[in-house]
Amino acid sequence: MSVNFNLILCIAGIAIWLVSFFVMNSKINAQKKILKEQGKNIPKAETSFGASLSLTILVELLPLLIPMKFFAEAVACVCGILGAYIVLNERLINLKKAQ
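Fair warning: this is a prediction, and the values are worked out from it, not measured in the lab.

Colleague: Which residues make up helix 1 (residues 5-37), and what are the values?
Modeller: Taking 1.5 Å per residue as the helical rise, helix 1 with its 33 residues ought to reach 48 Å, and the 48 Å between its terminal C-alpha atoms agrees with that figure. When we look at burial in helix 1, the residues that qualify are Leu9, Cys10, Gly13, Trp17, Ser20, Phe21, Met24, Ile28, Gln31 and Leu35. On its buried face, helix 1 sits against helix 2 (47-65) and helix 3 (70-98). Of the residues that open helix 1, the one with a side-chain oxygen 3.2 Å from the backbone nitrogen of asparagine 6 is asparagine 4. Of the residues one or two after helix 1, glycine 39 is the one with positive phi, at around 75°.

Colleague: Describe in detail the nonpolar core, supporting the description with residues and values.
Modeller: Counting residues in each nonpolar core, the largest one holds 12 residues, listed as Trp17, Phe21, Met24, Ile28, Leu35, Leu53, Ile81, Ala84, Val87, Leu88, Leu92 and Leu95. Elements that contribute at least two residues to this core include exactly helix 1 and helix 3. The biggest single contributor to this core is helix 3, with 6 residues. Discounting chain neighbours no more than four positions away, the residues touching leucine 95 are Ile28, Gln31, Lys32, Leu35, Ile42 and Pro43.

Colleague: I'd love a proper account of the side chain of threonine 56, names of residues and values included.
Modeller: Its location among the elements puts threonine 56 in helix 2. Within the structure, threonine 56 has its side chain in polar contact with the backbone oxygen of leucine 53 (distance 2.6 Å). When neighbours within four sequence positions are excluded, threonine 56 is seen to be in contact with Trp17, Gly80, Gly83 and Ala84.

Conventions and cut-offs
Residues numbered from 1 in each chain as written. Predicted model: local features only at pLDDT ≥ 70, side-chain atom pairs only at ≥ 80, totals over all residues. Heavy atoms only, no water. Helix = DSSP H or I, 4+ residues; strand = E, 2+ residues; numbered from the N terminus. Expected span 1.5 Å × (residues − 1). Buried < 20%, exposed > 50% of the residue type's maximum accessible area, 1.4 Å probe, protein only. Contact = heavy atoms within 4.5 Å. Polar contact = N/O pair within 3.5 Å; in protein donor to acceptor, adjacent residues only side chain to side chain. Core = buried A, V, L, I, M, F, W, Y, C linked by side-chain atoms within 4.5 Å.

Structure representation (structure tokens):
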């Protein structure tokens, strides 16, 4: 029985991306709730926020769409995870500045 490490890597990368997305999203929602309770305006996300987040998803799915070597898949997965963290963290920082 042969283990496909590339597929396992892709699935693990997507799972880590989802976990980081849900954790950061819960922090963002908590910050929005605090702003709402204080009666302050909640700043809208920049137009690049949605596009950037979509691109991180695409980078995570890229190894599934295009056959790559294991190292290239690992780099793509890490870039997708870090990209999502940077985008979501920037949104959280902008919400904290509004406080």
